[in-house]
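Coordinate analysis (summary)
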Amino acid sequence: QCASRVTARARSCAMSKSMVNVFVLGGTGLVGSALVRQLRAALSSTSTSAIRLCGFANSRTLTRVNAHDDVQQPLTRAGEVSDEEIASCVDGSGAVCVVDCTSSQDVSARYAPWLEQSWHVVTCNKKVNSGDIAYYKRCVDATQSTGGKWFVEATIGAGLPIVSALRTLRATGDSVEIVQGIFSGTMSFLFNTWDGKSAFSEIVKLAKDAGYTEPDPREDLNGLDVARKVVIAARECGMMISLSDVDVESMVPSDLELCSTDEFMKRFHENDESMAQRARAAAKTGAVLRFVGCVDVANNKASVSLATFPNTHPFATLSGADNIFEIRSARYGPTGSSTPLIIRGPGAGAEVTAAGVYGDIVQLAKEISTRYI
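Computed from a predicted structure; not experimentally measured.

So, the environment of Gly-293
Along the chain, Gly-293 turns up in strand S10 (residues 287-296). Counting along the chain gives 65 residues from Gly-293 to Arg-228, while the straight-line C-alpha distance between them is 9.7 Å.

Below, the structure is given as structure tokens:
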């Protein structure tokens, strides 16, 4: 009996130390609120989970999650949750995991300090792993020196396992040669919907009215969002490039870059004939147009462009707003006398993005629990 009591205490102590206390920034936004719902639903069904939702916040208020109710309070400093406020939501021992469901540069600027104090970061915010190389390396170095872990699966393809696939290939000795894909749900929808005969500007207007594009569609059409994801994929392949290293073909005519959104929408039809010519040229060769990002590891190049693909290519058969990625490596593709690795599915949407973030939290909990087995 004495031995069993000691074992029970040891097990309880290990569980307490391995508990992951999750605090969600942007917790009332589309992705953040979906994640909070998913966490609540999953954690309410078990009493033995190593994950605990301890709080969430937006730019105005902080919500402490307790066993029986939530307590909401205004932030001490408007627009910023302090480390002390996050720590105050943690009940007892265990790891602190800050989840960034924002697109804020200010929030992402705190990753390195969090990691350097052995906190963990899970994010769908692309700012750091596509941003300044020196700061990116500082975050990576922190994960190697302090034990803080940084998970970024949802920064490409929402809940699709792109980052983990690239890491697994490299960790098992494979050599990635090319990663190319349709990285944007918006651009996927536009070119999957457009038949090449109707006015392209009308498809953009339809997508904008349906909420598929940003309020200013140029934020999708200029290719910069895809370029950020290309940088992330490149860095996961070992290429330390910056956004400025990506050759980007913008779908926004140069004379419409600086005008108002309303003027852009009124005048974008001026580009229709140019787009129609490209579509006709592709059709004559049995091909279609697709807006793709490409990481050419072998030649140390990265690009975003409107490219042609045969009607039989997986990119040509895509539908809706799905993302698709083709990975060629020493094992997958012509070099390995195989077909490329194809990953396809929804690459946008609050629920699937939140699920990708949640998956990283689960992986973090597994990795921490092994320390105390």
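Picking up where we left off.
Some details on the pattern of salt bridges
Throughout the structure, instances matching the rule amount to 17 salt bridges. Of the charged contacts in the structure, one is a salt bridge between Lys-205 and Asp-209, with a shortest N-O distance of 3.0 Å. Placement of the pair is Lys-205 and Asp-209 together in helix H9 (residues 200-209), with a separation of four residues, close to one helical turn. A salt bridge links Glu-249 to Arg-278; its shortest N-O distance comes to 2.8 Å. With a gap of 29 residues between them, Glu-249 in the loop between strand S9 (247-248) and helix H12 (261-267) and Arg-278 in helix H13 (residues 272-284) connect regions that are remote in the sequence. Under the relative-accessibility criterion, Glu-249 is labelled partly exposed at 25%. Given a relative accessible area of 29%, Arg-278 falls into the partly exposed group. Among the charged side chains, a salt-bridge network with shared partners connects Asp-255, Glu-263, Arg-267 and Glu-270.

A short note on the sheet that holds strand S5 (residues 95-100)
With respect to topology, seven strands assemble into an open sheet ordered S4-S3-S2-S1-S5-S6-S7, the strand pairing being mixed. Because the sheet does not close on itself, it has two edges, and the strands there are strand S4 (70-74) and strand S7 (150-151). When strand S1 (residues 20-25) meets S5, the two strands line up parallel, connected through six bridges. Among the inter-strand pairings, Val-22 is bridged to a residue of S5, identified as Cys-97. Packed on one face of the sheet, helix H14 (residues 350-369) meets S1, strand S2 (51-57), S5, strand S6 (120-123) and S7 and runs near 155° to S6.

Some remarks on H13
Helix length check: H13 (13 residues) gives 18 Å between terminal C-alpha atoms against 18 Å at 1.5 Å per residue, within 8%. Here the buried face of H13 lies against helix H8 (185-193), H9, S10 and strand S11 (301-310). Positive backbone phi, at 70°, marks Gly-286, one or two positions downstream of H13.

A word on the pairing of S10
Most of S10 sits out of view: 10 of its 10 residues are buried. Burial along S10 is two-sided: the face carrying Ala-287, Leu-289, Phe-291, Gly-293 and Val-295 and the face carrying Val-288, Arg-290, Val-292, Cys-294 and Asp-296 are both buried. With four bridges joining them, strand S8 (residues 176-182) and S10 adopt antiparallel strand pairing. Among the inter-strand pairings, Val-179 is bridged to a residue of S10, identified as Val-295. In this sheet, S11 lies alongside S10 in antiparallel orientation, the contact comprising 10 bridges. Its bridge partner lying in S11, Leu-289 is registered against Thr-308.

Thoughts on unusual backbone geometry
Its identity as a non-glycine residue notwithstanding, Ser-118 has a phi of 70°, on the positive side. Tracing the backbone through its elements, the reader meets Ser-118 in the loop between helix H5 (111-116) and S6. Among the residues examined, Ser-118 registers a relative accessible area of 34% and is labelled partly exposed. Phi angles above zero are rare outside glycine, and Asn-300 is one such case at about 55°. With respect to the element layout, Asn-300 can be found in the loop between S10 and S11. With a relative accessible area of 53%, Asn-300 lands in the exposed category.

Considerations on the nonpolar core
The biggest cluster of nonpolar side chains holds 77 residues, and the ones touching the most others in it are Phe-191 and Leu-221. Considering every element that reaches this core, the biggest residue donor is helix H11 (residues 224-236), with seven residues. Apart from the residues within four sequence positions on either side, Phe-191 is in contact with Phe-200, Met-251, Met-275, Leu-289, Arg-290, Phe-291 and Leu-306. Residues Val-20, Val-31, Phe-56 and Val-357 belong to the second largest nonpolar core, which totals 28 residues.

As for the side chain of Thr-353
Mapping Thr-353 onto the fold places it in helix H14. In this structure Thr-353 comes out as buried when scored by relative accessible area, which is 11%. For Thr-353, the side chain forms a polar contact with the main-chain oxygen of Gly-349, separated by 2.8 Å. The contacts of Thr-353, once residues within four sequence positions are left out, are Val-31, Cys-124, Ala-154, Ala-158, Gly-159 and Ala-348.

Description of the environment of Val-304
Assignment of secondary structure puts Val-304 in strand S11. We classify Val-304 as buried; its relative accessible area is 1%.

Brief notes about the packing of helix H2 (residues 30-43) against H14
Packing of H2 against H14 leaves a shortest axis separation of 8 Å and a crossing angle of 55°. Considered as vectors, H2 and H14 are oriented oblique to each other. Pair H2 / H14 crosses with right-handed handedness. Contact residues: Leu-30, Val-31, Ala-34, Leu-35, Arg-37, Gln-38, Leu-39, Ala-42 and Leu-43 in H2; Ala-350, Glu-351, Thr-353, Ala-354, Ala-355, Val-357, Tyr-358 and Ile-361 in H14. Here the residues of the contact of H2 with H14 are counted per class, giving 13 nonpolar, two polar and two charged.

Thresholds, definitions, all that
- Residues numbered from 1 in each chain as written.
- Predicted model: local features only at pLDDT ≥ 70, side-chain atom pairs only at ≥ 80, totals over all residues.
- Heavy atoms only, no water.
- Helix = DSSP H or I, 4+ residues; strand = E, 2+ residues; numbered from the N terminus.
- Salt bridge = Lys/Arg side-chain N within 4 Å of Asp/Glu carboxyl O.
- Buried < 20%, exposed > 50% of the residue type's maximum accessible area, 1.4 Å probe, protein only.
- Pairing = 2+ DSSP bridges.
- Contact = heavy atoms within 4.5 Å.
- Axes fitted to C-alpha atoms, helices over the stretch in contact; angles between N-to-C directions.
- Expected span 1.5 Å × (residues − 1).
- Core = buried A, V, L, I, M, F, W, Y, C linked by side-chain atoms within 4.5 Å.
- Polar contact = N/O pair within 3.5 Å; in protein donor to acceptor, adjacent residues only side chain to side chain.
- Parallel < 35°, antiparallel > 145°, perpendicular 65-115°, else oblique.
- Left-handed = near helix turned anticlockwise from the far one by under 90°.
- Nonpolar A, V, L, I, M, F, W, Y, C, P; charged D, E, K, R; others polar.

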